[in-house]
Amino acid sequence: MAQTAGVGMLVRLWKFINRTWRRLATGLCFAIFGIGGVILSLTALPALKLISAGNEELRQARARRLVQLTFRWFIGVMKWTGVFNFDFKAVEQLKQVKGQVIIANHPCLIDVVALISFVPNPDCVVKSHLWKNPFMKGVIKSTGYLSNEDPDELVKDCQESLEQGCNLIIFPEGTRTTPGEMIRFQRGAAHLALRTKAKVTALWVNCSPVTLIKNEMWYQAPKEKPTLSVHYLKEIDTQAYRDEEKLSIAARHLTRDLQNFYEKVLEDDRQSENRDQAVDYRVAGS
């Protein structure tokens, strides 16, 4: 009995140490991310402007590639420090994707960093307030990521980006998912896909256990190390929706169908997690 109690105490101590370390490491990673953005803005990104000899398209392409590699390195840092595990199952299916609207649910703060790190030729729509962020505004301006401040100008910019072969990353929810609530899509992503006549590739992002959610501070680390996984769902041709007379009605129908599809994926995912927990419980009690 004493031996069992001693083992239990050691397990609890180890979990406490592990969680404390992940809290500290999360703060370290966010510091690296912010400081790294400033360093890139002051060094490498201006240097790209010089070596691109006035070719703005080449400079922007090089800047985006540099940011992608930096984000990939940052994902590696988070994994190495033990903050996260990552499982990007969608990588293989996305290798040949070109000029498409990439949509995904948005459960976690680092979703966009994860997607940019492996989506080919990534472009994204950035909230206008981030253009004023002292840590990120230099990176955003250098890469030419798109601002959502002017809706009419945004459609034109998205069209040009897609025609250049970029893949446009959009979170239709517009903000991070609230755990336990149903997914609610806004119509912006559907409008963009229809007006640009682009195909849509649907991805599913899962973070288990949940962390870095809306209204949660960075230091509120979960008891167990989380895993962020990204799954390929399907490609959606928007032609059938574009055949409808009014764009507003077509966008409403497309948004409804996308939301229903993601709600079904979410429900299947929850049932799968419940089955896994039940199996773990039975194994632990056997």
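Since the structure is predicted, the reported quantities are computational estimates derived from the model, not experimental observations. (Residues numbered from 1 in each chain as written. Predicted model: local features only at pLDDT ≥ 70, side-chain atom pairs only at ≥ 80, totals over all residues. Heavy atoms only, no water.)

## Some points on the overall build of the chain
Point 1. Along its length, the chain carries ten helices and seven strands.
Point 2. Relative to the 2.2 N^0.38 estimate, which gives 19 Å for 286 residues, the radius of gyration of the chain is 21 Å and therefore close to what a compact globule would have.
Point 3. Considering only C-alpha atoms, the chain reaches an extent of 70 × 50 × 30 Å along its principal axes.
Point 4. Counting over 286 residues, the chain shows a buried share of 41%.
Point 5. Restricting the contact set of the chain to residue pairs at least 6 apart, pairs at least 24 apart contribute 76%.
Point 6. Approximately 16,100 Å² of the chain is accessible, and the part contributed by carbon and sulfur atoms is 57%.
Point 7. On the chain, the mean spot of the 38 positive side-chain charges and the mean spot of the 30 negative ones are 6 Å from each other. (Helix = DSSP H or I, 4+ residues; strand = E, 2+ residues; numbered from the N terminus. Rg over C-alpha atoms; globule rule 2.2 N^0.38 Å. Buried < 20%, exposed > 50% of the residue type's maximum accessible area, 1.4 Å probe, protein only. Contact = heavy atoms within 4.5 Å. Areas by Shrake-Rupley, 256 points an atom, 1.4 Å probe, with all protein chains shown as cover. Lys, Arg positive; Asp, Glu negative; His and termini not counted. Charge placed at Lys NZ, Arg CZ, Asp CG, Glu CD.)

## Thoughts on the packing of helix α7 (residues 151-163) against helix α8 (residues 188-196)
The description of two helices packed together rests on the angle between their axes and the distance between the axes.
Point 1. For the pair α7 and α8, interaxial distance at closest approach is 10 Å and the crossing angle is 60°. It follows from the interaxial angle that α7 and α8 lie oblique. Judged by the twist between their axes, the crossing of α7 over α8 is right-handed. Facing Val155, Cys158, Gln159 and Leu162 of α7, the residues of α8 in contact are Leu192, Arg195 and Thr196.
Point 2. A class-by-class count of the residues in the contact of α7 with α8 yields four nonpolar, two polar and one charged. (Axes fitted to C-alpha atoms, helices over the stretch in contact; angles between N-to-C directions. Parallel < 35°, antiparallel > 145°, perpendicular 65-115°, else oblique. Left-handed = near helix turned anticlockwise from the far one by under 90°. Nonpolar A, V, L, I, M, F, W, Y, C, P; charged D, E, K, R; others polar.)

## Things to note about the packing of aromatic side chains
Point 1. Under the definition given, this model contains nine aromatic pairs.
Point 2. Between Phe84 and Phe86, the aromatic rings sit 5.4 Å apart at their centres with planes inclined by 25°, giving stacked as the arrangement. Considered together, Phe84 and Phe86 belong to a single accessibility category, that of buried residues.
Point 3. Here Phe86 and Phe88 contribute two aromatic rings whose centre-to-centre distance is 5.7 Å and whose plane-to-plane angle is 55°, an arrangement assigned as tilted.
Point 4. On the basis of relative accessible area, Phe86 is assigned to the buried category, the value being 15%.
Point 5. Among the aromatic residues, ring-to-ring pairing joins Phe84, Phe86, Phe88 and Phe118 into one connected group. (Phe/Tyr/Trp six-rings, centres within 6.5 Å; stacked < 30°, edge-to-face > 60°.)

## Structural notes on the environment of Asn133
Point 1. In this fold, Asn133 is placed in the loop between β3 (122-126) and α6 (137-143).
Point 2. Expressed as a C-alpha distance, the spacing of Asn133 and Gly34, which sit 99 residues apart in the sequence, is 10.0 Å.
Point 3. From its side chain, Asn133 meets the backbone nitrogen of Phe135 in a polar contact 2.8 Å long. (Polar contact = N/O pair within 3.5 Å; in protein donor to acceptor, adjacent residues only side chain to side chain.)

## Re the sheet that holds strand β6 (residues 200-208)
Point 1. Judged by pairing direction, the sheet is mixed, and its seven strands sit side by side in the order β1-β7-β6-β2-β5-β3-β4 without closing on themselves. Two strands bound the open sheet, and with one partner strand each, they are β1 (85-88) and β4 (146-147).
Point 2. In this structure, β6 lies alongside strand β7 (residues 227-236), joined through nine bridges in antiparallel fashion. By the bridge assignment for β7, Val200 is matched with Ile236. (Pairing = 2+ DSSP bridges.)

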